[in-house]
Amino acid sequence: MQKIVNKISSSLKGTITIPADKSISHRAVMFSSLAKGKSIIKNFSKGQDPLSSLKVCQALGINAEFNGNLTITSDSKLSAPTSNLDCGNSGTTMRLMSGILASRDFSSVLIGDESLSKRPMKRVIEPLSLMGAEIISNDFKAPLKINGKNLHPINYTSKLASAQVKSCILLAGLNTDGKTSFTEPHISRNHTEIMLKYMGANISITENTELEPKTIEICGDISSAAYFIVAGLIVPNSKIILTNVGLNPTRTGILEVAKKMGANIEILDEKIVSGEVVGDIQISYSNLKSCTIEGDIIPRLIDELPVIAVLATQAEGTTIVKDAQDLRNKESDRIKAVVTELRKLGADIEETPDGFIINGKTSLNGDCEVETYHDHRLAMSLYVAGLICKKTISINGFEWVDISFPEFDKLFNSLIQ
């Protein structure tokens, strides 16, 4: 599917509600599947990735019903699947389910689409193997055949700050006697710890732990909000409010960077919902200046870096992004893809081994076709860039946006004045 994007002739104005957080949606359906009884999930994400997690859990014997909310009924045991478990495009599904399945008394096979089958799984296979798991892979990539068995606890120190790896190990530890611990070089998103605690788990994972069924209300996804935040900051005369957005401190790196660049952003009505910090975000068009983005903030905005690159094209001075080499292991090599496609639009951007360097402020030209590389975040970032290009751009493969944000186009259209 090709998407045509034209420069906005006026501004972005209005209030919208950001759809459900995908990271929390994954965890809500998985953890509810491990709780004995009935759990109610309010505002479950309709993106394809969380739906992949739901389908995998259904294939493991849990009952799921949509009736306004999503109701999960489980005996907490899980059943042996009768066919391969298809994770679609979702790395979160494959990595977290590996931790859940490794300690079960049955065998299973996790598969994915062409893109997911190229993504690295050694980061979870290695620590699970240290716990005694038996996982057969294709050179540490999918498909993953998991022969479930009793595991033993470990104290694991990861070289990579990764919420997916951390969650995988903690989920394996839930069904393992003894103390399991995980240490990472920087703090990664902590939705797993928050939800486990909310559902009654012993978060130190000192023994085999049973989860309690709960009502879980899922807030809006700040990674989805990021595209509207950047658009509101770079489209002249814009002023928008995004409601019910998750403000977990492990995810708000984009807000910190934007404010460092001089952004006019205000947080309204902050509160706690199902253990998570939630609030409304007000964004106004701003004159921006460059900054350096590095170190321990990278895990807190790793998914937002493609659209932050768009933001940096409109900031005076040189913006440097480094320590972000894991961008090369996403749905695409996001460093190379971002640099290649933004250059087509006229951006002054240079690729580095672990990030990029952007000189601004740059007038983006457009009048070209750009590629998404089967990457939803790149597609949405290019859409935002297109809103300020002098001429029309055509985005090839825009259908990949549905992986995470099927409501994206409709919500943007509602703000265009």
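Note that the coordinates shown come from a computational prediction; the quantities given were computed from them, not determined experimentally.

A tally of helices and strands in the protein chain yields 12 helices and 22 strands. What you see for the protein chain is a C-alpha radius of gyration of 21 Å, in line with the 22 Å of a compact globule of 417 residues. Seen along its three principal axes, the alpha-carbon backbone of the protein chain occupies a region of about 60 × 40 × 35 Å. In the protein chain, which comprises 417 residues, the share counted as buried stands at 59%. Long-range contacts, defined as pairs at least 24 residues apart, comprise 76% of the intrachain contacts of the protein chain with a sequence gap of at least 6.

Our focus in this paragraph is the packing of aromatic side chains. On inspection of all chains with the given rule, the structure shows 12 aromatic pairs. Taking 6.2 Å as the distance between ring centres and 55° as the angle between the ring planes, the aromatic pair formed by Phe-398 and Phe-408 counts as tilted. Note that Phe-398 is positioned in the loop between β22 (393–396) and α12 (408–415) and Phe-408 in helix α12, a separation of 10 residues in sequence. A cation sits over an aromatic face here: Lys-122 above Phe-140, 5.3 Å from the ring centre. Over the ring of Tyr-198 we find Lys-214, and its NZ or CZ is 5.2 Å from the ring centre.

Take the environment of Lys-36 next. Among the structural elements, Lys-36 can be located in the loop between α1 (22–33) and β3 (37–42). Distance from Lys-36 to Ala-102, taken between C-alpha atoms, is 19 Å for residues 66 residues apart in sequence. The contacts of Lys-36, once residues within four sequence positions are left out, are Ser-74, Asp-75, Ser-76, Leu-211 and Pro-213.

Another aspect to go through is the pairing of strand β20 (residues 355–360). Both strand β18 (residues 315–321) and β20 contribute to a ladder of 5 bridges, which runs antiparallel. In the strand pairing of β20, Thr-319 is matched with Ile-358. Judged from the 5 bridges that link them, strand β19 (residues 348–352) and β20 form a sheet pairing that is antiparallel. Pairing of Ile-349 across the sheet is with Ile-358, part of β20. The hairpin turn running from β19 into β20, its antiparallel successor, is 2 residues long.

Here we come to the nonpolar core. Among the nonpolar cores identified, the biggest contains 80 residues, and Phe-228, Ile-234, Leu-242, Leu-342, Phe-356 and Phe-412 are the most heavily contacted of them. Ranked by residues supplied to this core, first place goes to helix α7 (residues 222–234) with 10 residues. Other than its neighbours up to four places away in sequence, Leu-342 contacts Ala-309, Val-310, Ala-347, Ile-349, Leu-382 and Ala-385. Counting residues in hydrophobic clusters, the runner-up holds 60 residues, among them Ile-41, Leu-101, Phe-182 and Met-195.

About the criteria used
- Residues numbered from 1 in each chain as written.
- Predicted model: local features only at pLDDT ≥ 70, side-chain atom pairs only at ≥ 80, totals over all residues.
- Heavy atoms only, no water.
- Helix = DSSP H or I, 4+ residues; strand = E, 2+ residues; numbered from the N terminus.
- Rg over C-alpha atoms; globule rule 2.2 N^0.38 Å.
- Buried < 20%, exposed > 50% of the residue type's maximum accessible area, 1.4 Å probe, protein only.
- Contact = heavy atoms within 4.5 Å.
- Phe/Tyr/Trp six-rings, centres within 6.5 Å; stacked < 30°, edge-to-face > 60°.
- Lys NZ or Arg CZ within 6 Å of the ring centre and 35° of its normal.
- Pairing = 2+ DSSP bridges.
- Core = buried A, V, L, I, M, F, W, Y, C linked by side-chain atoms within 4.5 Å.

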